[in-house]
Amino acid sequence: MPIATVNPANGETLKTYEAMDEEELERRLQLAEATFRTYRTTAFADRARLLNRAADLLDEDRAEIARVMTTEMGKPVRQARAEAAKCAKAMRWYAEHAPELLADERPAESDVKDSGASHALVRYRPLGPVLAVMPWNFPLWQVVRFAAPALMAGNVGLLKHASNVPQTALYLEDLFHRAGFSEGCFQTLLIGSGAVDEILRDERIKAATLTGSEPAGRAVASTAGEMVKKTVLELGGSDPFVVMPSADVDRAAEVAVTARVQNNGQSCIAAKRFIVHSDVYDRFTERFTEGMKALKVGDPLDEETQVGPLASEQGRADLEELVDDARRGGATVLCGGERPDGPGWYYPPTVLAGLGREMRIHREEAFGPVATLYRAADLDEAVLIANDSPFGLSSNVWTREAAEVDRFVRDLEAGGVYVNGMTASHPAFPFGGVKRSGYGRELSGHGIREFCNITTVWHGA
């Protein structure tokens, strides 16, 4: 795949880039290793000052970088500006909270004495250069939620971004440099996916994080396992959105539309499977389908657009195959389901009902504005349908019954359970999944400690 900006609204190639040669890659790896030796000893206050400066610069650049993101991968420009603002917020959050999140831990005095020590502690130390392999769908946020905690922990980062968002990738490198971070603290590697394996095998790379597809995750995890290197993987999702009879059904249907089509439906944590109790199924389906039909699809640079094009022609083709397979299997198309005429990689908001387990869309992630509806007779069946997926990233539950909430929290196989609201990431809360959605956590204290050497320090009596 070429490293290029191709506008998904019209298919026009705007900029192309040459991949870095081996000499430049070697220079950057040497620089990362050398920079880490000194950066790891800097004080939290110095790191926080730099990260806060990066947040300020990002706020100043918000409108400009939002247009770049929209031009590169098609998200509505209002959502792109919100993404930039969210990144600045996360930078400031880690700048403020990193010292407490990585503070020395003191074991119980009784345990210290029992170990024969005069005193002991647990200290979090940085690992070294971390390789980040990041996707195009949230081209700023996916990177910042790795970079902010990694830099505050004293690590340095090397970014291999998706090949269709090179301008955003280069902007991130420039942003951190303008903020005052030395060149080796954060570097963008303009390389193809084929070069990742060799870089990950390099002894100077100490760990890796990947957000992306399941095949990409398997490849990185396999190499990292062979090299015995720590990894964090955030892969696909097919999140359930469960609606029970006690819920505010109208509100649930309204939120469900946003939950499905955020980022043009190209979000791992977007609700994708809507599991509705029989008692409220018809009402929810009517409201939800009306909401999907009413969405404005169009030019993502138009302030009024709610759904823009898919990021790539192949992505649209993959989505069409899933819908067509379901249709052939007997699914009912309640709205959408047909590629529109004209330029760009658009696909309409689509609702499918009457799904069967043999259909591909029941097992595979639909990465675009396509929703699947399921009818559940009771709570037990709702849980069974929700868990009948190879993925387990997050989940949404709508109910006013406390006992039902407890049951869903206990039994849903997911990294998050959001009650009476849609899944959203926040720097204070851990983010990640189970099953084929990956392992490890980003954000919160759990995220910043993923790439730390958790060190026991013991002093004899």
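Residues numbered from 1 in each chain as written. Predicted model: local features only at pLDDT ≥ 70, side-chain atom pairs only at ≥ 80, totals over all residues. Heavy atoms only, no water.

In this structure, Thr285 sits in helix H10 (residues 278–294). We classify Thr285 as buried; its relative accessible area is 11%. Sequence separation between Thr285 and Leu373 is 88 residues; the distance between their C-alpha atoms is 7.9 Å. Residues contacting Thr285, with those up to four places away along its chain left out, are Leu334 and Leu373. (Helix = DSSP H or I, 4+ residues; strand = E, 2+ residues; numbered from the N terminus. Buried < 20%, exposed > 50% of the residue type's maximum accessible area, 1.4 Å probe, protein only. Contact = heavy atoms within 4.5 Å.)

Attention shifts here to the sheet that holds strand S7 (residues 207–211). Read across the open sheet, the 6 strands follow the order S6-S5-S4-S7-S8-S18; overall the sheet is mixed. Both outer strands of the open sheet, strand S6 (186–188) and strand S18 (438–439), are each paired with one neighbouring strand and no more. Strand direction decides the pairing type here: strand S8 (residues 230–234) and S18, joined by 2 bridges, are antiparallel. Within S18, the residue paired with Leu233 across the bridge is Tyr439. Sitting on the sheet, helix H1 (residues 22–39) touches strand S4 (129–133), strand S5 (156–160) and S6, and the angle it makes with S5 is about 155 degrees. (Pairing = 2+ DSSP bridges. Axes fitted to C-alpha atoms, helices over the stretch in contact; angles between N-to-C directions.)

Applying the stated rule across the entire model yields 40 salt bridges. A salt bridge links Arg28 to Glu24; its shortest N-O distance comes to 2.7 Å. With Arg28 and Glu24 both in helix H1, this residue pair falls 4 residues apart, about one helical turn. The partner of Arg145 in a salt bridge is Glu442, and the shortest N-O contact between them spans 2.9 Å. Separated by 297 residues along the polypeptide, Arg145 in helix H5 (residues 141–153) and Glu442 in the loop between S18 and helix H15 (444–449) bring together distant segments of the chain. (Salt bridge = Lys/Arg side-chain N within 4 Å of Asp/Glu carboxyl O.)

Here the focus is the packing of aromatic side chains. Taken as a whole and assessed by the stated rule, the structure comprises 11 aromatic pairs. Both rings, one in Trp136 and one in Phe367, keep their centres 5.8 Å apart while their planes meet at 75 degrees; by these two values the pair is edge-to-face. Linking Trp136 in the loop between S4 and H5 with Phe367 in the loop between helix H12 (360–363) and strand S13 (370–376), this pair joins segments that are 231 residues apart in sequence. For Phe367, a relative accessible area of 22% gives the class partly exposed. (Phe/Tyr/Trp six-rings, centres within 6.5 Å; stacked < 30°, edge-to-face > 60°.)

We now examine the sheet that holds strand S11 (residues 332–335). The mixed open sheet is built from 7 strands, whose spatial order is S11-S12-S13-S10-S9-S15-S16. Two strands in the sheet have a free side with no partner beyond their single neighbour: S11 and strand S16 (418–419). In this fold H10 packs onto strand S9 (239–243), strand S10 (271–277), S11, strand S12 (350–353) and S13, with an angle of close to 170 degrees to the strand it touches most, S13. Across the sheet, helix H13 (residues 379–387) is in contact with S9, S10 and S13; its angle to S13 comes to roughly 145 degrees.

This part takes up the packing of helix H2 (residues 44–73) against helix H3 (residues 77–101). One way to put it is that H2 packs onto H3 with a least axis distance of 8 Å and a crossing angle of 175 degrees. Looking at the two axes, H2 sits roughly antiparallel to H3. Residues that form the contact of H2 with H3 fall into these classes: 21 nonpolar, 2 polar and 7 charged. (Parallel < 35°, antiparallel > 145°, perpendicular 65-115°, else oblique. Nonpolar A, V, L, I, M, F, W, Y, C, P; charged D, E, K, R; others polar.)

Turning next to helix H9 (residues 249–261). Relative to the 18 Å expected for 13 residues at 1.5 Å per residue, H9 spans 19 Å between its end C-alpha atoms, a close match to the ideal helical length. Within H9 the residues assigned to the buried category are Val249, Ala252, Ala253, Val255, Ala256, Val257, Ala259, Arg260 and Val261. Taken together, the buried residues of H9 touch S9, S10, H10, S13 and strand S15 (396–398). Backbone geometry just downstream of H9 places Asn263 in the positive-phi region, at approximately 60 degrees. (Expected span 1.5 Å × (residues − 1).)

In terms of burial, S10 is largely enclosed, as 7 of its 7 residues are buried. When S9 meets S10, the two strands line up parallel, connected through 5 bridges. Within S10, the residue paired with Asp239 across the bridge is Ala271. Pairing of S10 with S13 involves 5 bridges; the strand directions are parallel. When the sheet's bridge partners are listed, His277 is paired in S13 with Ala376.

Phi is positive for Asn264, close to 60 degrees, though the residue is something other than glycine. With respect to the secondary-structure elements, Asn264 resides in the loop between H9 and S10. By relative accessible area, which is 0% here, Asn264 ends up buried. Positive phi outside glycine occurs at Lys435, with the angle close to 55 degrees. Within the secondary structure, Lys435 sits in strand S17 (residues 434–435). Taking the relative accessible area as the measure of exposure, Lys435 reaches 36% and is therefore partly exposed.

Let us look at the side chain of Lys160. Tracing the chain through its elements places Lys160 in strand S5. It turns out Lys160 is buried and unbridged, and the closest side chain with the opposite charge, Glu72, is 12 Å from it. Not counting chain neighbours up to four residues away, the residues in contact with Lys160 comprise Leu131, Ala132, Val133, Met134, Leu189, Ile191, Gly192, Ser193 and Val196. (Lys, Arg positive; Asp, Glu negative; His and termini not counted.)

With that settled, the discussion passes to the side chain of Thr231. Along the polypeptide, Thr231 turns up in strand S8. In this structure Thr231 comes out as buried when scored by relative accessible area, which is 7%. In terms of polar contacts, Thr231 uses its side chain to reach the side chain of Tyr439, at 2.7 Å. Sequence-distant contacts of Thr231, defined by excluding residues within four places in its chain, comprise Ala208, Val220, Ala224 and Tyr439. (Polar contact = N/O pair within 3.5 Å; in protein donor to acceptor, adjacent residues only side chain to side chain.)

Turning next to the environment of Arg260. Within the secondary structure, Arg260 is located in helix H9. Setting aside chain neighbours within four positions, we find Arg260 in contact with Gly265, Ala270, Ala271, Lys272, Phe274, Met292, Ala366, Gly368, Pro369, Val370 and Ala371. Among the polar contacts listed, one links the side chain of Arg260 to the backbone oxygen of Ala366, at a separation of 2.8 Å.

It is worth spelling out helix H11 (residues 313–328) at this point. Each turn of an α-helix holds 3.6 residues, which means side chains three or four residues apart point in the same direction. The end-to-end C-alpha distance of H11, which contains 16 residues, comes to 22 Å, matching closely the 22 Å that a straight helix rising 1.5 Å per residue would cover. Considered for burial, the residues of H11 that qualify are Arg316, Leu319, Glu320, Leu322, Val323, Asp325 and Ala326. Those residues of H11 that are buried are in contact with S12, H12 and S13. Looking one or two residues past H11, Gly330 carries a phi angle of roughly 110 degrees, positive in sign.

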